[in-house]
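# Notes for the structure review
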Amino acid sequence: MSARRVVITGSGWVTPLGADVASVWSKLLSGATAMGPVRRFDAETFATSFAAEVKDFDLFSFLDSSASRHSQASLAGQFALAAAAQAWVQAGLGSHDGTPAGGAYDPDRVGVYLGAGEGEPQMPEGVEANVHAFDASARTVSGSKWTSYAEEHFRTQAVLEEEPQMAVAHVAAHFNCRGPALNCMTACAASTQSVGEAFEIIRRGDADAMLAGGAHSMIHPLGMTGFIRLTAMSTRKDEVETACRPFDRTRDGFVMGEGAGMVVLEDLEHAKKRGANILAELVGYGSSADAYRITDIKEDGGGAIDAMRRALRQAGITPTEPDEQGRAPVQYVSAHGTGTQENDGIETKAIKGVFGSQAPRVPFSSVKSMLGHLIQAAGAVELITCVKAIETGFVPPTMNLRNPDPECDLDYVPNEARDLREQGGVDVAMSNGFGFGGQNDCVVIRRFAE
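Each residue is numbered by its place in its chain's sequence as written, counting from 1. Thresholds applied to this predicted model are a pLDDT of at least 70 for local features of residues and 80 or more for the giving and counting of side-chain atom pairs; totals over whole chains, interfaces and linings are not thresholded and use all residues. Side-chain numbers come from the whole structure's heavy atoms, not from hydrogens or water.

## A closer look at the sheet that holds strand E7 (residues 181-183)
For two strands to be treated as a pair, DSSP must find at least two bridges joining them. Each helix corresponds to a stretch of at least 4 residues labelled H or I by DSSP, and each strand to a stretch of at least 2 residues labelled E; elements are numbered beginning at the N terminus. With mixed pairing, the ten strands of this open sheet are ordered in space as E7-E4-E8-E9-E1-E10-E16-E15-E11-E12. Every interior strand has two partners, whereas the edge strands, E7 and strand E12 (364-365), have only one. Where strand E10 (residues 280-289) and strand E16 (residues 439-446) come together, eight bridges link them in antiparallel fashion. Bridge pairing links Tyr 285 to Val 443 in E16. In the packing of helix H13 (residues 378-392) onto the sheet, contacts are made with strand E1 (6-14), strand E8 (209-217), strand E9 (258-267), strand E11 (332-334), strand E15 (428-435) and E16, and the angle to E15 comes to roughly 170 degrees. The criterion used for residue contact is that any of the two residues' heavy atoms lie within 4.5 Å. Axis geometry follows a simple rule: fit a line to the C-alpha atoms, using only the stretch in contact for helices, then measure angles between N-to-C directions, giving values from 0 to 180 degrees.

Spelled out as structure tokens, the structure:
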């Protein structure tokens, strides 16, 4: 049996710039920033005391109040539910409360694949339990005292919500998705990988539709401390709004963000049968591992090159040759573009390795310069920007790129969005996601045509 074609019929997100796809897209094109001081906890003494937080979020502005069983979901789980509700409704599969449209789908043939991160740990209670159980004179920790204290003070549901699979459980339960249910934790590449693997599940016939994407929040003391210790985050406390500077010579790290991005992927014939509006077609997915170091990217960009080449090969695109209209073979690449010295230089090298002489002609930008780094949710949110680029003909800018880096010499769409409609718009777009541990994932989408 030949592989089935897979289309995108719905999208939704929760981002630090808002949760409505149209309004956030408008903000991205205008170069708006979501960066500001951390408000969720006192981070004043942290080397990085700023982030891109989701503000004024209320789950029940997305879900009916009857969905109260989800009220204790982790923040990541709530973000996932809200983004999934938007995608679900846009796809015409049902209402935001999970009620299916009449005859729209067989729930046994609809699955969920997320790249969702862990829930927020109960830091105060955990620290207090450690102190309570510590015997200073003997310099030992009593396991029985720790357990006794934890049983009394830890919130049971909150402990359960720390498990990363819980976001999948909430989404599957709310929308009655009884098909394949999976979660991956491949760091910053996770939701690019979840979309790609969901695509493959539909292609081979194991599901008719998948809710795919990612959700994460690490804006808490443990999450922020970990990346500070890795020296991966910007420390520009005096220039918070412009701290994230992908591809700029003065870049000094990423800015932590949070949120969720979800898409409905669907078998083409299934979508057509129910009259769904098709946003784009997913035509290629590539994945690879550097097999190198836990945090460092392989310096030659070989893993990233391999993932991009696999995705383009599956899409039937020759990256070193122009398309039929004489344009670059891909009209927009959503860069991983974190703003760290290492990532941006190696990603630039990888783009050159894939596209050859065409590389300088490919618009290549990072919305992390405005949204911050949404960690496991980043890839899905950035994929939606590719969908919007195809829909509108505009590509978003890389903000704060004022000081060119000689090693980063491609077209990063600096500081202003670009209107490509006179050049034929965007027919093919590619989204990159590269994670700590050397995980590399790439998806390619195309304007839908029969």
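Back to the text.
## Some thoughts on the packing of aromatic side chains
Aromatic pairs are defined between Phe, Tyr and Trp rings, using the six-membered ring for Trp, whenever the two ring centres lie within 6.5 Å; interplanar angles under 30 degrees are classed as stacked, those over 60 as edge-to-face, and all others as tilted. For the coordinates displayed, the defined rule picks out eleven aromatic pairs. Taken together, a centroid distance of 5.8 Å and an interplanar angle of 25 degrees make the contact between Phe 57 and Phe 62 stacked. Plain terms: the ring middles of Phe 364 and Tyr 412 are 5.6 Å apart, the flat faces sit at 40 degrees to each other, and that makes the pair tilted. Pair noted here: Phe 364 is in strand E12 and Tyr 412 is in the loop between strand E13 (394-395) and strand E14 (418-419), with a separation of 48 residues, a long-range link. Taken individually, Phe 364 and Tyr 412 each receive the classification buried, so the pair is uniform in this respect. The cut-offs for exposure are 20% and 50% of the maximum accessible area for each residue type, with area from a 1.4 Å probe on protein chains only; residues under the lower value are buried, those over the upper are exposed, and the others partly exposed.

## Some remarks on unusual backbone geometry
One non-glycine residue, Arg 139, adopts positive backbone phi at about 55 degrees. The backbone of Asn 415 shows a phi angle near 70 degrees, a positive value even though the residue is not glycine. With respect to the helices and strands, Asn 415 occurs in the loop between E13 and E14.

## Digging into the packing of helix H2 (residues 75-91) against helix H6 (residues 166-175)
One way to put it is that H2 packs onto H6 with a least axis distance of 9 Å and a crossing angle of 35 degrees. Taken as a pair, H2 and H6 cross one another with a handedness that is right-handed. Along the contact surface, H2 presents Gly 77, Ala 80, Leu 81, Ala 84, Ala 85 and Trp 88, while H6 presents Ala 167, His 170, Val 171, His 174 and Phe 175. Split into classes, the residues belonging to the contact of H2 with H6 amount to eight nonpolar, three polar and no charged. Throughout, a crossing is termed right-handed when the near helix is turned clockwise from the far one, and left-handed when it is turned anticlockwise from it by less than a right angle. Residue polarity follows a fixed list, in which Ala, Val, Leu, Ile, Met, Phe, Trp, Tyr, Cys and Pro are nonpolar, Asp, Glu, Lys and Arg are charged, and the others, Gly among them, are polar.

## Some words on the pairing of E16
Burial within E16 is extensive, with seven of its eight residues counted as buried. By the bridge criterion, eight bridges tie E15 to E16 in an arrangement that is antiparallel. The partner of Gly 435 across the bridge, within E16, is Gln 439. With antiparallel pairing between neighbouring strands as the criterion, E15 and E16 make up a hairpin whose turn holds three residues, including Gly 437 at a positive phi of roughly 95 degrees.

## Comments concerning the packing of helix H10 (residues 302-315) against helix H11 (residues 341-355)
At a closest axis distance of 9 Å, the pairing of H10 and H11 adopts a crossing angle of 40 degrees. When the interaxial angle is binned, H10 and H11 end up oblique. Judged by the twist between their axes, the crossing of H10 over H11 is right-handed. Taking contact as the criterion, the partners of Ala 304, Ile 305, Met 308, Arg 309 and Leu 312 in H10 are, on H11, Ala 350, Ile 351, Gly 353, Val 354 and Phe 355. Tallied by class, the residues present in the contact of H10 with H11 amount to eight nonpolar, one polar and one charged. Oblique is the label for any angle not covered by the other classes, which are roughly parallel (under 35 degrees), roughly antiparallel (over 145) and roughly perpendicular (65 to 115).

## Topic: the side chain of Thr 338
Here Thr 338 lies in the loop between E11 and H11. Take Thr 338: its relative accessible area is 6%, and that puts it in the buried class.

## Regarding the pattern of salt bridges
Each salt bridge in this description consists of a side-chain nitrogen of Lys or Arg and a carboxyl oxygen of Asp or Glu lying within 4 Å of one another. All chains considered together, the criterion is met by 26 salt bridges. For Arg 236, the salt bridge identified is with Glu 239, shortest N-O distance 3.4 Å. One salt-bridge network, in which partners are shared between bridges, spans Arg 4, Arg 109, Asp 208 and Asp 267.

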